[in-house]
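# Examining the three-dimensional arrangement
Take a look at the letters that make up each chain.
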Amino acid sequence: MPRHISTVLDIDKESDKWTVLIQVVERNHIQYTRKAPPRRIQRFMLTDAQGTKVSAAAYENCIRLFRNLLVPYQRYYISGATIINAVPTYKVSEYPYSWVLHYSTLIERYLEPIPPMLPCPFTFDNFSDAHKHAESDITLISVKALVIYAFPQKETTPDSVTRDFLIVNEEKKLMLLTLWNEFQEYEGNILANTIATAPMIFAMRVKVSTFNSLSLTTIGLSCILINPPVHDELPLREWYSIHKDEVKILLEAKAYKDPEFLLPPPNQEHIKTIHDALISFGTQKTAWIGGTVQLSFGQTRFWYTACSNCLKTVEADTDWIIKCSSCRQEAEVELRCRIGITVTDPTASIQCLISGKEAERLIQLTAAQLKDAEAHGITMNQELSAIMKKYRLICFIKTYETTFQGQLQRRNAIIKAYPTAEVPNISLALLDSPPTLQASETGTTSNTKQKQVIEQQTFTPTAKLLLQEIAESTATKKSFITKSTTAATTSHKLLEDTATSASPNTTPIDETAASPTKKPKQEGKGN
Ligand SMILES: [Zn+2]
């Protein structure tokens, strides 16, 4: 009697002597289970001809048994796997079970010259929604894209390699995808060798990182499908052949690391209150927030020197070429602005660092100018305080931990900031500080008048003029200090007010903050 071939949905814990014809969708890299003692595990995602997906796993020595089997997109007969309840995290379809492949599981290659198209459905995220999941501990995203550029492989630590690729889809957004270790060694090499053909990938369960403002990175649970046989490949390819030149321009403009391009102004619904953001930092390390701005108290320096590659603070001169101990790249030393500000909305305050071009754009001064001012013994606090007070900002912030003087400290970095005037359709009422704070800021000024003042987010030319004058005459120093005395008294009072109202989660600003854009550590472990 010929064997009966079942479908995935036919098979449950009671099934006996069964066979299902499956097609391999995903073959993951070997990981370790999280439960102690850690065991080696290899996961697969399979589908039957009906498109019902099922996850399967092999453990320890059994992994070796299936080494040459279950190749992506090929079909196999599987008989006699152990049926277990699917863990909700790994449930991949309406099918409630998953399969464990063991010594007596029979896997037979289905002989055919070319396997059919994958019959199962896929769900993808838009690049433009990636910011919603940035640095989340609980959500990963899956994207369909063409790979159009391969950067050279990098050795980040002696036992860890990465390689960055540029991917694009019909949204015409260029994003960086970082492949780590085994992903680079296997999929990365295939992609690099076929890059001229712009291979299509399904990057499944990748993490959204704030490396280079916003990028994607593999973690242990990820899987990269290269040129999967699917019916709807053509529209993306046609789109690319039409828009190839525009994509090339974006590539040359390095749009893949431009926060303006990657993090455009958000919609109102994506902006959290600072109170909610502080709570959500428990599971997601980024948020869009908005509020009034003040210069944080107690800063003595507004610039730092950084590795031009990873932006990590380095004690080096700007004409040095260094081998960075953080990113291990040979790099120039860059002079960058770094300013501590306090953002306040009606629910809470948060201290943040704003650096580099984002800071320079707000203050309309360069890091070199700030360094010059310091070299001439001019304190810029009053001037910067006056500038910052003009702003209400919508900012994309990241919270991170850093060790300072042996102590673990929490810091918040602004990755992208928009003055409210640049963000359409934002309800400014949601950003205004509570009445008590407004009173302390403006004295007897009415709310309406205060709003008008704040909305004039034009830059006072004083600081710029001042720095021009520095170059010409040292006499400027005296006049500046006299000029700013009144402002200094006001801003000092203000910053004290803010310190009192600041959330206990915030920490004082100092000048040794690590780069906010450091790469995440590769998570090598599965469930
Ligand atoms: Zn570096």
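Further up the page is the structure itself.
Described in the following lines is the structure provided in the data block. (Residues numbered from 1 in each chain as written. Predicted model: local features only at pLDDT ≥ 70, side-chain atom pairs only at ≥ 80, totals over all residues. Heavy atoms only, no water.)

### So, the overall build of the protein chain
Rules: Runs of H or I in DSSP of at least four residues are treated as helices and runs of E of at least two as strands, each being numbered from the N terminus. Relative accessibility under 20% of the residue-type maximum defines a buried residue, over 50% an exposed one, and the middle range a partly exposed one, all with a 1.4 Å probe and only protein chains included. Working rule for contacts: check all heavy atoms of both residues, and any pair within 4.5 Å makes them a contact. Computed by Shrake-Rupley with a 1.4 Å probe, the accessible areas treat only the displayed protein chains as cover when residues are assessed.
When helices and strands are counted, the protein chain shows twelve helices and 22 strands. Here the protein chain, with 527 residues, has 53% of them falling under the buried criterion. In the protein chain, the proportion of contacts linking residues at least 24 apart, taken out of those at least 6 apart, comes to 69%. Only carbon and sulfur atoms are counted for the fraction: they give 53% of the accessible area of the protein chain, which is about 25000 Å².

### Focus on the packing of aromatic side chains
Selection rule: When two rings of Phe, Tyr or Trp (its six-membered ring) have centres within 6.5 Å they constitute a pair, described as stacked for plane angles under 30 degrees, edge-to-face for angles over 60, and tilted for the intermediate range.
This model, assessed by the stated rule, comprises ten aromatic pairs. Ring geometry for Tyr77 against Tyr110: centres 5.6 Å apart, planes inclined by 75°, an arrangement best described as edge-to-face. Placement of the pair is Tyr77 in strand E5 (residues 75–79) and Tyr110 in the loop between strand E8 (106–109) and strand E9 (141–150), with a sequence separation of 33 residues. Here Tyr110 falls in the partly exposed class, since its relative accessible area comes to 25%. Relative to Phe202, the ring of Phe124 has its centre 4.7 Å away and its plane inclined at 65°; by these criteria the two rings are edge-to-face. Note that Phe124 is positioned in the loop between E8 and E9 and Phe202 in strand E13 (residues 200–209), a separation of 78 residues in sequence. Three or more aromatic residues joined by ring pairs make a cluster, and in this case those are Phe122, Phe124 and Phe202.

### Observations concerning the layout of surface pockets
Where empty space is left can be seen by rolling a probe of water-molecule size over the atoms. Worth spelling out the cut-off: Of the two site types, the cavity is a set of points on a 1 Å grid over the protein atoms alone where a 1.4 Å probe fits but cannot get out, and the pocket is an open set with protein on both sides within 12 Å along at least five of seven lines, each lined by residues with an atom within 4 Å of a point. Grid points are joined across faces, edges and corners, and a volume is the space filled by probe spheres set on the points. Domain extents, as shown, originate in an automatic or database domain assignment.
Size it by volume and the second largest pocket reaches roughly 780 Å³. If you go around the second largest pocket, you meet 29 residues; those closest to its centre are Thr89, Tyr90, Val92, Leu140 and Arg205. At the level of elements, strand E3 (40–47), strand E4 (53–59), E9 and E13 are the ones that each hand at least two residues to the lining of the second largest pocket. Here the lining of the second largest pocket spans two domains, and each of domain 1 (8–109) and domain 2 (127–262) adds at least three residues to it.

### Notes on unusual backbone geometry
The linkage connecting Ala36 with the following residue, Pro37, adopts the cis geometry, with an omega of -10°. Relative to the helices and strands, Pro37 resides in the loop between strand E2 (31–32) and E3. A positive phi angle is found at Lys17, which is not glycine, with a value near 50°. Structurally, the position occupied by Lys17 is in the segment before strand E1 (19–27). Exposure remark for Lys17: the relative accessible area of 78% places this residue in the exposed category. Positive phi outside glycine occurs at Glu60, with the angle close to 40°. Residue placement: Glu60 occurs in the loop between E4 and helix H1 (62–65).

### Focus: helix H2 (residues 182–193)
The condition that has to hold: To estimate how far a helix should extend, the number of its residues minus one is multiplied by 1.5 Å. Each C-beta atom gives one direction from the helix axis, and the arc is the one those directions make.
With twelve residues, H2 extends 16 Å between its outermost C-alpha atoms, agreeing within 8% with the 16 Å of an ideal straight helix rising 1.5 Å per residue. Turning to H2, its buried residues are Phe183, Gln184, Glu187, Gly188, Leu191 and Ala192. Here the buried residues of H2 occupy an arc of 135° about the axis, which is enough to place them on one side. The exposed set on the far side of H2, more than 90 degrees from its buried face, consists of Glu185, Tyr186 and Asn193. Close packing links the buried residues of H2 with E9, strand E11 (160–168), strand E12 (174–180), E13 and strand E15 (223–226).

### Thoughts on the pairing of strand E20 (residues 349–355)
Where we set the bar: Here, a strand pair is defined by DSSP locating no fewer than two bridges between the strands.
Of all the seven residues making up E20, seven are buried; the element is thus mostly covered by neighbouring parts of the structure. Side chains Ser349, Gln351, Leu353 and Ser355 project from E20 onto one buried face, and the interleaved Ile350, Cys352 and Ile354 project onto a second face that is buried too. Taken together, the seven bridges between strand E19 (residues 330–344) and E20 define a ladder with antiparallel strand orientation. What sits directly across from Gly340, in E20, is Leu353. Where E19 folds back onto E20 in an antiparallel hairpin, the turn is made up of four residues. Where E20 and strand E22 (residues 407–419) come together, two bridges link them in parallel fashion. If you follow Ile354 over to E22, its bridge partner there is Ile414.

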